[in-house]
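Descriptive structure summary
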Amino acid sequence: MAERLARCDVAVVGAGPAGLAAAGEAARRGARVLLVDAQPMPGGQVWRHDSAHGAPPAARRALDAADAAGVRLLPRSEVVGHAGGRLFVREDAAALSIDYGALVLATGARELLLPFPGWTLPGVVGAGGAQALAKQGWPLRGVRAVVAGSGPLLLAAAHTLRRHGARVVGIHEQAGREALAGFALGLWRWPGKAAQAARLRTALWRSRYLAGSHVLRALGDTRLEAVELAVAGGGRRTVPCDLLACGFGLVPNLELAHALGCALHDDGPHAGVRVDAQMRTSVEGVFAAGEACGVGGVDCARIEGRIAGRAAAGDADAALALAPRRAHARRFAAGLRHAFALDPRLHRLACDDTVVCRCEDVRLGALAPFADAREAKLATRVGMGACQGRVCGAALAELGRFPRGGFRPPVFPVPLDVLASFGAADPSMTTRTGVHP
Ligand SMILES: Cc1cc2nc3c(=O)[nH]c(=O)nc-3n(C[C@H](O)[C@H](O)[C@H](O)COP(=O)(O)OP(=O)(O)OC[C@H]3O[C@@H](n4cnc5c(N)ncnc54)[C@H](O)[C@@H]3O)c2cc1C
């Protein structure tokens, strides 16, 4: 099998709000832009296509703008590696290489999942994971759902579940009432966010929202039957349910940035790609935008995408003109981090016999003898399964066990025949790829 080869001026990895904005801005400045995303439809996490309700208006506008600017989209395409100005992309069973002039990393974030007793029972999923499944048509009518964990994603997930027919019996936010009240009082500086929060709360008026409350364990024999929760004031409550959607915030996707050698800012498990005012990373010609640089929400992702797209197309002045808007959006992100900081009690939910690495079935107690992640890997296989430590790596960093790291190419698992065909480029196929002819 021969690999196909594409060339473009600006390659953008990730077709979420940041990547769509970056691609559109660069294309409007005359750059030939190729936008690559692993998902079948563009939109990223927040604008993930909803099979029942379609895409939200903001997503449709962003897609139309990128399309009108001449951006070429490559869906179902995973960037799995990189070498010397060339991206290696897996498109299902085919290999594609992309040579670029400038590269924008808009790879977004993923959920932080923390282990607790019972979290591997069928019926327990991440909050964002439940949201994604609902949008893909997962049958939820009449399902009793508890949403727990931390951050604004809980409300968004609860709303999606309810919209798809689930009965949301409770939303349990670990952050305390005072922290939330302080955050809400400051929201007047971001009226769009205040309006969004009010809309979600109104839509969810039937569902109980408890601050200072967190999951203790999921109960059930062969599948989830109930969840035991700690509530403010020291009490406990057991809530019968069919679905527990539980997430503890987000962490940036760093695998590709790491493969490229981009410096990160030092922020423990929440570290993101370090960028300057033009969204330039520490690597020449490589830019980053959105949640890959640190979790900040959709507005922040869009403004950073616009800056990165302008700068990648060589329009530094226009990029810098957006710096005040970026600073405003990042102040919101800082407030978010402060208000939803995780309670250290959440670090103690898992017991010695709680599975932490679900791919390789490694329990927390098995890691006790190891101070070093590499040693633990060699002895227990923690983080060496199909997800390549995407779940347990961030969780163990949050629990203070091992720093987040150990990223290795390929970024996603690749079939051997696809892997083997990288480097065997067939130049006759160059014009058949998705870039401008
Ligand atoms: C599960 C989940 C659900 C969320 N739901 C909401 C919500 O309902 N409301 C809300 O306001 N915010 C939500 N967020 C927060 C959301 O991430 C941001 O608000 C916004 O989507 C960030 O935009 P972005 O462009 O930076 O990244 P994203 O939207 O995350 O887009 C990143 C894109 O990069 C692609 N990608 C990553 N790596 C590669 C690779 N190697 N090769 C190819 N493609 C790649 C991914 O497929 C993804 O489409 C959610 C976050 C998560 C993780």
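Residues numbered from 1 in each chain as written. Predicted model: local features only at pLDDT ≥ 70, side-chain atom pairs only at ≥ 80, totals over all residues. Heavy atoms only, no water.

**Focus on the overall build of the chain**
A tally of helices and strands in the chain yields 13 helices and 19 strands. Taken over the C-alpha trace, the chain has a radius of gyration of 22 Å; the compact-globule value for 437 residues is 22 Å, and the two agree within 12%. Across the chain, contacts joining residues at least 24 apart in sequence account for 66% of those joining residues at least 6 apart. Roughly 19,300 Å² of accessible area belongs to the chain as shown, and the carbon and sulfur atoms make up 54% of that amount. Measuring between centres, the 52 positive side-chain charges of the chain sit 6 Å from its 38 negative side-chain charges. (Helix = DSSP H or I, 4+ residues; strand = E, 2+ residues; numbered from the N terminus. Rg over C-alpha atoms; globule rule 2.2 N^0.38 Å. Contact = heavy atoms within 4.5 Å. Areas by Shrake-Rupley, 256 points an atom, 1.4 Å probe, with all protein chains shown as cover. Lys, Arg positive; Asp, Glu negative; His and termini not counted. Charge placed at Lys NZ, Arg CZ, Asp CG, Glu CD.)

**A few points about the environment of Pro-117**
Mapped onto the secondary structure, Pro-117 falls in the loop between β7 (109–111) and β8 (124–125). According to the relative accessible area criterion, Pro-117 is partly exposed, its value standing at 21%. Residues Pro-117 and Asp-353 lie 236 residues apart in sequence; the distance between their C-alpha atoms is 8.4 Å. Excluding anything up to four places from it in sequence, Pro-117 contacts Leu-216, Arg-217, Ala-218, Leu-349, Ala-350, Cys-351 and Thr-354. (Buried < 20%, exposed > 50% of the residue type's maximum accessible area, 1.4 Å probe, protein only.)

**What about the layout of surface pockets?**
Reported here for the second largest pocket is a volume of approximately 660 Å³. Looking at the second largest pocket, it is lined by 28 residues, and the ones nearest its centre are Lys-377, Gly-383, Gly-405, Gly-406 and Phe-407. Only α11 (373–380) and α12 (392–398) provide two or more residues apiece to the lining of the second largest pocket. Residue classes in the lining of the second largest pocket are distributed as 13 nonpolar, seven polar and eight charged. (1 Å grid on protein atoms, 1.4 Å probe; cavity = no way out; pocket = protein on both sides within 12 Å on 5 of 7 lines; lining within 4 Å. Points joined across faces, edges and corners; volume = space filled by probe spheres on them. Nonpolar A, V, L, I, M, F, W, Y, C, P; charged D, E, K, R; others polar.)

**Some remarks on the site of the ligand**
In the vicinity of the ligand lie 32 residues, with Ala-18, Asp-37, Gln-45, Gln-131 and Glu-291 positioned nearest. Asp-37 places a polar side-chain atom, nitrogen or oxygen, 2.7 Å from an oxygen atom of the ligand. A distance of 3.4 Å is found between an oxygen atom of the ligand and a backbone nitrogen or oxygen belonging to Val-46. When the free accessible area of the ligand is taken as 980 Å², the share hidden by the protein chains comes to 91%. At the level of secondary structure, the elements contributing two or more residues to the shell around the ligand comprise α1 (17–28), β4 (77–83), β7, α3 (127–135), α4 (153–163) and α8 (298–312). Looking at side-chain class alone, the shell around the ligand contains 15 nonpolar, twelve polar and five charged residues. Residue-level mapping places the shell around the ligand at the junction of two domains, with at least three residues from each of domain 1 (3–110 + 251–338) and domain 2 (113–248). (Near = heavy atom within 4 Å. Polar contact = N/O pair within 3.5 Å; in protein donor to acceptor, adjacent residues only side chain to side chain. Domains from an automatic or database assignment.)

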